[in-house]
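# Examining the three-dimensional arrangement
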Amino acid sequence: MEDVLVSVGVLAGVVTVCQLLRRTTWELLCPRRRSGGRQSCLGPEALPLEVIGEFVSTLQLCVCTHELQLLGSSGMVGWIPGLGFTYLMTVVHITTFSGASCNPMSCLEQFLCGQSSGHVAASKLLAQFGAASVARQLSEIVWAMDLSDLHWHHRLRQYKCTSALNTTPGKGLVTEFFCAFTLRAALFKFQFLKQKHKIHAVAVLITCLVFAGGDLTGAVFNPALAYSITFNCVGSTYLEYCFVYWLGPLLGVMTAVLMFGNKSVLCANENTKIQTAKEKRA
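What comes next concerns the included structure. (Residues numbered from 1 in each chain as written. Predicted model: local features only at pLDDT ≥ 70, side-chain atom pairs only at ≥ 80, totals over all residues. Heavy atoms only, no water.)

So, on to the packing of aromatic side chains. Evaluated as defined, the whole model comprises 11 aromatic pairs. Here Phe129 and Trp246 contribute two aromatic rings whose centre-to-centre distance is 5.8 Å and whose plane-to-plane angle is 75°, an arrangement assigned as edge-to-face. With Phe129 in helix α5 (residues 118-143) and Trp246 in helix α10 (residues 238-281), this pair connects stretches of sequence that are 117 residues apart. Here Trp246 falls in the partly exposed class, since its relative accessible area comes to 27%. Directly above the ring of Tyr227 sits Arg136, whose terminal nitrogen or CZ lies 5.1 Å from the centroid. Lying across the ring of Phe188, Arg184 places its NZ or CZ 4.0 Å from the centre. (Phe/Tyr/Trp six-rings, centres within 6.5 Å; stacked < 30°, edge-to-face > 60°. Helix = DSSP H or I, 4+ residues; strand = E, 2+ residues; numbered from the N terminus. Buried < 20%, exposed > 50% of the residue type's maximum accessible area, 1.4 Å probe, protein only. Lys NZ or Arg CZ within 6 Å of the ring centre and 35° of its normal.)

Turning to the state of the cysteines, a few remarks are in order. Here the structure, examined in full by the defined rule, presents 1 disulfide. The disulfide partner of Cys161 is Cys233, and the gap between their sulfur atoms is 1.9 Å. Across the S-S bond of Cys161 and Cys233 the torsion is about -105°, and the bridge reads as left-handed. Of this pair, Cys161 sits in the loop between α6 (149-156) and α7 (169-190) while Cys233 sits in the loop between α9 (223-229) and α10; the two residues are 72 residues apart in sequence, bridging distant segments of the chain. Classification of Cys161 by relative accessible area gives buried; the value is 18%. For Cys233, a relative accessible area of 5% gives the class buried. With no disulfide of its own, Cys18 has Cys64 as its nearest cysteine by sulfur position, at a separation of 7.1 Å. There is no disulfide at Cys102, and the cysteine sulfur nearest it, in Cys62, is 8.0 Å away. With relative accessibility at 1%, the residue Cys102 sits in the buried group. (Disulfide = S-S within 2.5 Å.)

Our next topic: the pattern of salt bridges. Pairing between side chains of opposite charge can happen when the charged atoms of each approach one another. Per the stated rule, a full pass over the model turns up 3 salt bridges. With a shortest N-O distance of 3.2 Å, Lys124 and Glu50 are connected by a salt bridge. Residue Lys124 is located in helix α5, and its partner Glu50 is located in helix α2 (residues 46-74); the two are separated by 74 residues in the primary sequence. Exposure remark for Lys124: the relative accessible area of 10% places this residue in the buried category. Judged by its relative accessible area of 38%, Glu50 is partly exposed. As a salt-bridge pair, Arg184 and Glu109 come within 2.8 Å of each other at their nearest N and O atoms. Placement of Arg184 in helix α7 and of Glu109 in helix α4 (residues 104-112) is noted, with a sequence separation of 75 residues between them. Comparing Arg184 with Glu109 shows no difference in burial state: the two are buried. (Salt bridge = Lys/Arg side-chain N within 4 Å of Asp/Glu carboxyl O.)

Our focus in this paragraph is the nonpolar core. Ranked by size, the top nonpolar core spans 33 residues in total, and within it Val14, Cys64, Val220, Leu225, Phe231 and Tyr245 carry the most contacts. Elements with a minimum of two residues in this core: α1 (2-29), α2, α5, α9 and α10. Filtering out sequence-adjacent residues up to four positions away, Val14 remains in contact with Gln60, Val63 and Cys64. Membership of the second largest hydrophobic core comes to 16 residues, among which are Ala186, Leu205, Ala219 and Phe221. (Core = buried A, V, L, I, M, F, W, Y, C linked by side-chain atoms within 4.5 Å. Contact = heavy atoms within 4.5 Å.)

To continue, consider the packing of α2 against α6. When two helices pack together, their arrangement is given by the angle between the helix axes and by the axis-to-axis distance. In the contact formed by α2 and α6, the axes pass within 11 Å of each other and the chain directions differ by 90°. The orientation of α2 relative to α6 falls into the category roughly perpendicular. Contacts from Glu67, Leu70, Leu71 and Ser74 of α2 reach α6 at Leu150, His151 and His154. Here the residues of the contact of α2 with α6 are counted per class, giving 3 nonpolar, 3 polar and 1 charged. (Axes fitted to C-alpha atoms, helices over the stretch in contact; angles between N-to-C directions. Parallel < 35°, antiparallel > 145°, perpendicular 65-115°, else oblique. Nonpolar A, V, L, I, M, F, W, Y, C, P; charged D, E, K, R; others polar.)

Remember that the coordinates give geometry; whether it matters functionally is a separate question.
In structure tokens, the structure reads:
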């Protein structure tokens with residue numbers, strides 16, 4: 001129980017530090033811009049702010065997942081508490097990310113759909129994968145402090161991990177494809193929900209996907225996160241990891257965009273027109 005409490009403390013500490021970094025960055029880059037009582041950053045500072053936000057948020061996501069993965073592999077928590085941790089941390093992440101996607105697939109989607117330039121997409125991609133790499137090293141630094149017996153034993157094993165890919169690369173790709181496709185397709189539908197409801201809907205869906213595909217691939221469906229927590233583990237080759245954890249989500253997201261993207265945009269535009277008409281009448 002003590003090891004679990006230490007891991008919970010690590011999770012809370014990581015989220016707190018990253019949130020302080022986000023707020024500090026915001027205050028430094030946009031100290032005097034205010035609109036409607038809220039700070040806004042629409043000038044040349046916007047891109048650096050977004051890139052730093054992606055880096056810090058991806059760092060938070062990866063370090064927390066490293067700790068949860070270690071806790072889960074220890075067998076100290078059952079599958080029900082494990083799914084509970086997944087749900088709670090997803091809610092925390094969505095609440096604190098401040099609009100950062102922390103997923104290269106979102107950057108590629110925005111670029112391919114003409115919503116961002118190649119420069120912006122490349123900058124965010126570098127920030128995400130850079131944070132994923134730093135998170136791996138940072139986690140080892142935290143574990144080296146021997147805050148718990150779990151961390152101590154992991155350090156003695158030289159931080160070795162076993163591949164989460166427990167099936168063939170072909171089935172693994174299908175699993176990651178299914179998870180990425182389901183999440184992206186659902187997000188098109190969830191965009192009409194209120195934010196407070198959307199957060200929990202997304203968290204429940206991700207938890208269900210982890211439950212469904214976790215035994216096969218870990219149900220990562222995020223190339224940057226997979227690069228951080230999986231690519232250095234023994235059991236599969238680098239090419240197999242790329243095939244499953246990069247190609248699978250890419251195909252899944254692009255398929256969802258092609259199938260539901262245009263319909264979603266049309267519905268959103270129609271809802272906007274209806275809302276505008278109601279406001280004019282009022």
